[in-house]
Number of protein chains: 2
Amino acid sequence: MSIGDSLNPISVNFTLKDHTFEVLKEAILNMNIYHPDADLRLDERQLAERLAVSRTPIREALARLAHEGLVQIAPRRGVFVLRKSRDEILQMVVTWAALESMAARMATKAASDADLKALRRFAMRHSSDAARAELEEYSDANIKFHQKILELSGCELLKTTADGLFTHMKAIRRRAMGESDRARKSVADHIEILEALEARDADLASRRVREHTMRLHDHIHKTWTRLENLGSAKTEAG
Amino acid sequence: MSIGDSLNPISVNFTLKDHTFEVLKEAILNMNIYHPDADLRLDERQLAERLAVSRTPIREALARLAHEGLVQIAPRRGVFVLRKSRDEILQMVVTWAALESMAARMATKAASDADLKALRRFAMRHSSDAARAELEEYSDANIKFHQKILELSGCELLKTTADGLFTHMKAIRRRAMGESDRARKSVADHIEILEALEARDADLASRRVREHTMRLHDHIHKTWTRLENLGSAKTEAG
DNA sequence: AATTGGGATGTGGTATACCAGGTACGCAAA
DNA sequence: TTTGCGTACCTGGTATACCACATCCCAATT
């Protein structure tokens, strides 16, 4: 045994551009973009100064954010955080449903029994006291359940593509979870999805995932008439 | 009715970055990246000089290409055109199937009778002589048919997301079209999809689109054992 | 002859200066 | 008071210089 056995390559791929991207993304997600008089303008020079880097990495990070749909770059006018309209959110839910239902279909073949057992264990952890559980916590677990299905499909691209929507879905699901009796119903749905997966029934698993997500779609369609309310929770709490 | 109704903002968003992106993308797609000794390295400075712009717009274009998966940027080592493995191509087909089958489902509700009539007219145009038709031409029509379905879903995000895969799918479909009896079978599939749409049968339309695309998946899975052959057609022709 | 260490060279990463287009505001004229 | 215009300033777009790291080559050493 040589010393090399315990040595792994150091992460050498660190770039300011990537770091800046993460920081900005986090900042945007944590700011209340739906507050009526929130400041949505991002100034390249100001950000550069604030993060103590030059404009170059800032610009590349902003370009990436623009590609992900978080900001809009208006040439010579400014960079603005993008408010999602209700319709855009609905489209994201539909697209998510498309990806995850296909993932479920494939998972009935690709996932091992051990995988499904682990998934069931994970889902059950929150089944008994979902209503009383901390919403924030359950919401995270909820998201994770859906991501797990995407992983179990064995198709990385499905997950990667969904991850692009993940940022938005996280906020959406959290918001919707607190409404009416959705948390309890959600748990029941998850169990049914699990059973379909365990039965290796591709059509059924696919359908249940789709219908589960589309219920979120319908819920948003009915209740989120004005999007400005999206960010109000945080505002009122603070 | 005011004059404003017929006035759209003039395209003032021309930037070198965008233009560079298009040019590079076109160039990459037209080069035979699967040729065993193709030069896959892209040099920022060389490209800048060749296109008579500075490195800045080149870099932003390359970053975008990297995000789309066409190139890989290795810090301080170089930018390389990415060869897709068979497995990655298969994943793209699966993801495409997920998006388009959902689109078909929605199209059964969102598309107007006139839309479907136009789609049928379009599909029929190549039905009679698909086998004899110029493959290149039919392949384009084939892609267009699928894109139309995505459009008819009324969900822009579905189409946008699929467009990200479009670049690759185009090459894949074209390559696969010339093999065995796929062209003729493809036409028959399209007609069946159309009939499901016209019957406003969401489940059926969704299933037929999925199975149609997954047939492409299976075909590739079986026949494309070595990916280097992907680019050989052009090489042999030239 | 094989190995190794250092420097030359090339690459993308970053910082910065400058440019052109866009906005806003104030002043002047009607 | 309203309208028109001009200017000052602000923004992102672009060009360019410099930096740190990766690689390759060659000479010095064993």
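Residues numbered from 1 in each chain as written. Chains lettered and ligands numbered in written order. Predicted model: local features only at pLDDT ≥ 70, side-chain atom pairs only at ≥ 80, totals over all residues.

If you check an unreviewed UniProt entry, chain A appears there as GntR family transcriptional regulator from Sedimentitalea todarodis.

Considerations on helix α7 (residues 156-177) of chain B
All names here are of chain B. Spanning 22 residues, α7 covers only 27 Å between terminal C-alpha atoms, well under the ideal 32 Å at 1.5 Å per step. The axis of α7 is deflected most strongly, by about 50°, at L165. Within α7, the full set of buried residues consists of L157, L158, K159, T161, A162, L165, M169, I172, R173 and A176. (Helix = DSSP H or I, 4+ residues; strand = E, 2+ residues; numbered from the N terminus. Expected span 1.5 Å × (residues − 1). Bend = angle between axes of the 7 residues up to and from the residue. Buried ≥ 20, exposed ≤ 12 C-beta atoms within 10 Å, placed from the backbone.)

Overview of the protein's contact with DNA strand D
Taken together, the neighbourhood of DNA strand D is formed by 20 residues, with E44(A), L16(B), V53(B), S54(B) and T56(B) sitting nearest. Within the residue set of the surface near DNA strand D, elements represented by two or more residues are α2 (44-51) and β3 (78-81) of chain A together with α1 (16-30) and α3 (55-68) of chain B. Element by element, the count of residues in the surface near DNA strand D is highest for α3(B), at three residues. Classifying every residue of the surface near DNA strand D gives eight nonpolar, four polar and eight charged. (Near = placed C-beta within 6 Å. Nonpolar A, V, L, I, M, F, W, Y, C, P; charged D, E, K, R; others polar.)

Concerning the pairing of β3(A)
Residue and element names in this part refer to chain A. In terms of strand pairing, strand β1 (residues 41-42) meets β3 through two bridges, oriented antiparallel. Bridging from a neighbouring strand, L42 pairs with V79 of β3. As judged from the four bridges shared by strand β2 (residues 71-74) and β3, these two strands associate in the antiparallel manner. Counterpart to Q72 in the pairing with β3 is F80. Adjacent in sequence and paired antiparallel, β2 and β3 are bridged by three residues, among which R76 carries a positive phi angle near 65°. (Pairing = 2+ DSSP bridges.)

Re the sheet that holds β3(A)
Backbone-to-backbone hydrogen bonds join strands into a sheet, with any given pair of strands oriented parallel or antiparallel. Residues and elements named next belong to chain A. Taken in spatial order, the three strands of this open sheet run β1-β3-β2, and their pairing is antiparallel. This sheet does not close on itself; its edge strands, each paired only once, are β1 and β2. Contacts from helix α3 (residues 55-68) reach β2 and β3, with the element oriented near 115° to β2. (Contact = placed C-beta atoms within 7 Å. Axes fitted to C-alpha atoms, helices over the stretch in contact; angles between N-to-C directions.)

Overview of the relation of the copies chain A and chain B
Look at the two chain copies: a rotation about an axis and a shift along it is all it takes to match them. With an RMSD of 0.1 Å, the operation that places chain A on chain B is a rotation of 180° combined with a shift of 0.0 Å along the axis. Such a turn and shift between the copies fits a two-fold axis. Taking C-alpha positions as reference, the residue of chain A nearest the rotation axis is A98(A), located at 2.7 Å. (Least-squares fit on C-alpha atoms with pLDDT ≥ 70 in both.)

Quick notes on the interface of chain A and chain B
Between chain A and chain B, the residue contacts involve 20 residues of the former and 20 residues of the latter. Elements supplying a minimum of two residues to the side of chain A that touches chain B: α3, α4 (86-110) and α7 (156-177) of chain A. At eight residues, the largest contribution of residues to the side of chain A that touches chain B is made by α4(A).

Section: the sheet that holds strand β1 (residues 41-42) of chain B
Strand order in this open sheet of three strands is β1-β3-β2 (chain B), and the pairing throughout is antiparallel. Edge positions in the open sheet fall to β1 and β2 (71-74) of chain B, since each of these has one partner strand only.

Notes on the protein's contact with DNA strand C
Inspection of the region around DNA strand C gives 20 residues, with L16(A), V53(A), S54(A), T56(A) and E44(B) positioned closest. Elements with a minimum of two residues in the surface near DNA strand C: α1 (16-30) and α3 of chain A together with α2 (44-51) and β3 (78-81) of chain B. For the surface near DNA strand C, the residue count by class is eight nonpolar, four polar and eight charged.

Remarks on the environment of R184(A)
Here R184(A) lies in helix α8 (residues 182-198). Considering only alpha carbons, one finds R184(A) and K159(A), 25 residues apart in sequence, at a separation of 26 Å.

Structural notes on the packing of α4(A) against helix α4 (residues 86-110) of chain B
Where α4(A) meets α4(B), the axes come as close as 9 Å, and the angle between the chain directions of the two elements is 125°. By the angle between their directions, the pair α4(A) and α4(B) is classed as oblique. Crossing handedness for the pair α4(A) and α4(B): right-handed. Of the residues in α4(B), those in contact with V94(A), A97(A), A98(A), L99(A) and M102(A) of α4(A) are V94(B), A97(B), A98(B), L99(B) and M102(B). A per-class count over the contact of α4(A) with α4(B) returns 10 nonpolar, no polar and no charged. (Parallel < 35°, antiparallel > 145°, perpendicular 65-115°, else oblique. Left-handed = near helix turned anticlockwise from the far one by under 90°.)

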